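Observations on the three-dimensional arrangement
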Amino acid sequence: MHPRRNLTEWAYFTIKNQILQGILEPGTPLLEETLSARLEISRTPVRGALTRLVAEGLAASREDRTLQVPVLTLQDLEETFVARRTIEGTVMELACAAVNELHLNRLEHLIWNEKMALHAQDGALTAANDRMFHTYLAEMSGNSLFAEFVSRINAKVSLLLALSRTLGAPVALALKEHEEIVTALRSGNPAAAKNAMLRHLHCVEKRIREVLPTDTPEDLPGQRLREEVAPS
């Protein structure tokens, strides 16, 4: 591989991990000159890295057309979790119909990996394992489009978790919810499996919402749907 491409890859993963770990906070300018000086490399690989980050939603344009770490908004949260509930609820019904012992063992192994990442306080790895858990469930559904959609949505979820600083202690709660999802799958009851996922998504959204400004309006699209799936 060409050395320049190696540097671009390294810069991309370094900047991405710093965003996911909260080292680069929401709103932080992502300037080529500053980043190249910090990473001690030329601006060319930094430019390539930023291009990839923009494509993944991990870098956003400012009014002056420079880039910054995205800022979490309620609209982002609403849109993302409406999509998650719509798709992942159906995914769970399909996955429950297809589940076997191999699937369950794989899911339990993914949860164990999440626990190890949490213990190591590695936010980027924790987010990656969370994505793999949800993506694997989508793959179990047998629908390749669902798997693609879930993968794309959960890349955005990882960003929301990082920006809201809920990749730390709250992950322990998410892990318990993941275990409840596996238990529901093991029961072979599609309705129970779907409800376990919806409860999990409700709780994740609630934990993120708790860190948003209290003066943010609450009547955006998706509010009624979120209330309908809230655990009683």
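Residues numbered from 1 in each chain as written. Predicted model: local features only at pLDDT ≥ 70, side-chain atom pairs only at ≥ 80, totals over all residues. Heavy atoms only, no water.

**A closer look at the pattern of salt bridges**
Heads up, the condition is: By definition, a salt bridge exists where a carboxyl oxygen of Asp or Glu is found within 4 Å of a side-chain nitrogen of Lys or Arg. Numbered from the N terminus, helices here are DSSP runs of H or I no shorter than four residues, and strands are runs of E no shorter than two. In this scheme, a residue with accessible area under 20% of its type's maximum is buried, one over 50% is exposed, and one in between is partly exposed, where area comes from a 1.4 Å probe on protein chains only.
The full count for this structure, using the stated rule, is 14 salt bridges. For Lys176, the salt bridge identified is with Glu180, shortest N-O distance 2.8 Å. Here Lys176 pairs with Glu180, and both are found in helix 8 (residues 170–187), just four residues apart, close to one helical turn. Accessibility expressed as a relative area gives 48% for Lys176, which makes it partly exposed. Bridged by salt links that share partners, the residues Glu32, Arg43 and Arg47 form one connected network.

**A few points about the environment of Arg106**
Structurally, Arg106 is set in helix 5 (residues 101–119). Each C-alpha atom, one on Arg106 and one on Tyr136, is 8.7 Å from the other, the two residues being 30 residues apart in sequence.

**Here's the deal with the side chain of Gln68**
Condition: Whether two residues touch is decided by their heavy atoms; if any such pair falls within 4.5 Å, the residues are in contact.
With respect to the helices and strands, the residue Gln68 is situated in strand 2 (residues 67–68). When neighbours within four sequence positions are excluded, Gln68 is seen to be in contact with Gly27, Thr28, Pro29, Leu30, Ala59, Ala60 and Arg62.

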